[in-house]
Amino acid sequence: VFRCMCETIVKSLTDKQSKIYEFIGAWQMENGYPPTQKEIRDHFGFGSLNAVRSHLGLIEKKGYIRLNCGKARGIQLASLPVPTFKQQENFIPLLGRIAAGVPIWAEQNFEDHLPIPPSLFGGGELFALHVSGDSMTGAGIRNGDIAVIQRRDCVENGEIAAVLIEQEVTLKRVYLSSESLVLKSENPTFEDLKFAAGKSDLIRILGRYRGIVRTGNNRYCL
């Protein structure tokens, strides 16, 4: 079945494995993509790539990462770092970009803040992302808008959510069944994204869509 935001880690890492895992996470946060095995080797001074593969294999067995041997940057953290911030009473943090079309990586760096009370969008732990693309125009979400997201790891069927697909983030309407996960566009020129149940563990919900800020005329849209 579809997994929510966090995976359960059941086995502890050794000191060396912890250092490698932390390095992968820090690299991911700084660059927006994982390091290669060569970059890990060079950072830790390992004598060969086989040593790196051995460590990565053990880290994967303990549930912290997933490896795709067919990709040069085929390391995926089982639980990607999620932006952490202190919710302000009169501001919503703006964290980067989100695709409404082709998924793109959302830069998880604090970019700016919106001088808007979180209560205007229902409160809770909120963050905002720039929208790029036209796949959600039927829901009133346009290219260039700023989407306000309430951080949650699960949503109801039919709700619009910020969804992480491996290392990329997109904004779509979510439909889940025992057989598949469908991320539906709101524009007939865009195909829906469909995932079989066995592939859905690569997907994570980052939060529920709460509304937009239309930057062209500074209107706040719920």
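Structural notes, computed from the coordinates. (Residues numbered from 1 in each chain as written. Predicted model: local features only at pLDDT ≥ 70, side-chain atom pairs only at ≥ 80, totals over all residues. Heavy atoms only, no water.)

Between helix H1 (residues 15–31) and helix H2 (residues 37–44), the shortest axis-to-axis distance is 11 Å and the interhelical angle comes to 120°. In terms of their interaxial angle, H1 and H2 are classed as oblique. Of the two elements, H1 crosses H2, and the hand of that crossing is right-handed. In contact with Lys 16, Lys 19, Ile 20, Phe 23, Ile 24 and Trp 27 of H1, H2 contributes Glu 39, Ile 40, His 43 and Phe 44. The residue makeup of the contact of H1 with H2, split by class, is six nonpolar, one polar and three charged. (Axes fitted to C-alpha atoms, helices over the stretch in contact; angles between N-to-C directions. Helix = DSSP H or I, 4+ residues; strand = E, 2+ residues; numbered from the N terminus. Parallel < 35°, antiparallel > 145°, perpendicular 65-115°, else oblique. Left-handed = near helix turned anticlockwise from the far one by under 90°. Contact = heavy atoms within 4.5 Å. Nonpolar A, V, L, I, M, F, W, Y, C, P; charged D, E, K, R; others polar.)

Both strand S7 (residues 160–165) and strand S8 (residues 168–176) contribute to a ladder of six bridges, which runs antiparallel. Bridge pairing in S8 links Leu 164 to Val 169. Inspection of the sheet shows S8 paired to strand S9 (residues 180–184) by four bridges, in the antiparallel sense. Each bridged residue has a counterpart across the sheet, and for Leu 176 the counterpart in S9 is Leu 181. (Pairing = 2+ DSSP bridges.)

In this section: the nonpolar core. Core analysis: the biggest nonpolar cluster contains 17 residues, and Val 131, Ile 141, Ala 147, Ile 149, Ile 160, Leu 171 and Tyr 209 have the highest contact counts within it. Core analysis: the next-biggest nonpolar cluster, separate from the first, contains 14 residues, Ile 24, Tyr 64, Ile 75 and Leu 77 among them. (Core = buried A, V, L, I, M, F, W, Y, C linked by side-chain atoms within 4.5 Å. Buried < 20%, exposed > 50% of the residue type's maximum accessible area, 1.4 Å probe, protein only.)

So, on to the pattern of salt bridges. Taken as a whole, this structure holds nine salt bridges when the rule is applied. Lys 19 is the salt-bridge partner of Asp 15, the closest N and O atoms lying 2.7 Å from each other. Remark: Lys 19 and Asp 15 occur in helix H1; sequence separation between them is four residues, near one turn of the helix. Between Glu 186 and Arg 173 there is a salt bridge, with its nearest N and O atoms 2.6 Å apart. Remark: Arg 173 occurs in strand S8 and Glu 186 occurs in the loop between S9 and strand S10 (193–196); sequence separation between them is 13 residues. Salt bridges linked by common partners bring Lys 38, Arg 41 and Asp 42 together as one network. (Salt bridge = Lys/Arg side-chain N within 4 Å of Asp/Glu carboxyl O.)

In this structure, Phe 91 sits in the loop between strand S2 (75–77) and strand S3 (92–99). Residue Phe 91 is classed as partly exposed on the basis of its relative accessible area, which comes to 33%. A C-alpha to C-alpha distance of 5.1 Å links Phe 91 and Ile 116, two positions 25 residues apart in sequence. Residues in contact with Phe 91, not counting those within four places in the same chain, are His 113, Leu 114, Pro 115, Ile 116 and Pro 118.

Structurally, Ser 135 is set in the loop between strand S5 (126–132) and strand S6 (146–151). The exposure class of Ser 135 is buried, given its relative accessible area of 0%.

If you walk through the whole model with that rule in mind, you get four aromatic pairs. Between the aromatic rings of Tyr 21 and Tyr 64, the centroid separation amounts to 5.1 Å while the plane-to-plane angle is 75°, which identifies the pairing as edge-to-face. A residue pair is termed long-range when its members are at least 10 positions apart, and Tyr 21 in helix H1 and Tyr 64 in the loop between helix H3 (49–61) and strand S1 (65–67) qualify at 43 residues. An aromatic cluster of three or more residues is present, and its members are Phe 23, Trp 27, Phe 44 and Phe 46. (Phe/Tyr/Trp six-rings, centres within 6.5 Å; stacked < 30°, edge-to-face > 60°.)

Relative to the helices and strands, Asn 143 is located in the loop between S5 and S6. Residue Asn 143 is classed as partly exposed on the basis of its relative accessible area of 45%. Put simply, Asn 143 and His 130 are 13 residues apart on the chain and 8.4 Å apart in space, counted from C-alpha to C-alpha. Beyond its immediate chain neighbours, meaning those up to four positions away, Asn 143 contacts Val 131, Ser 132, Gly 133 and Asp 134.

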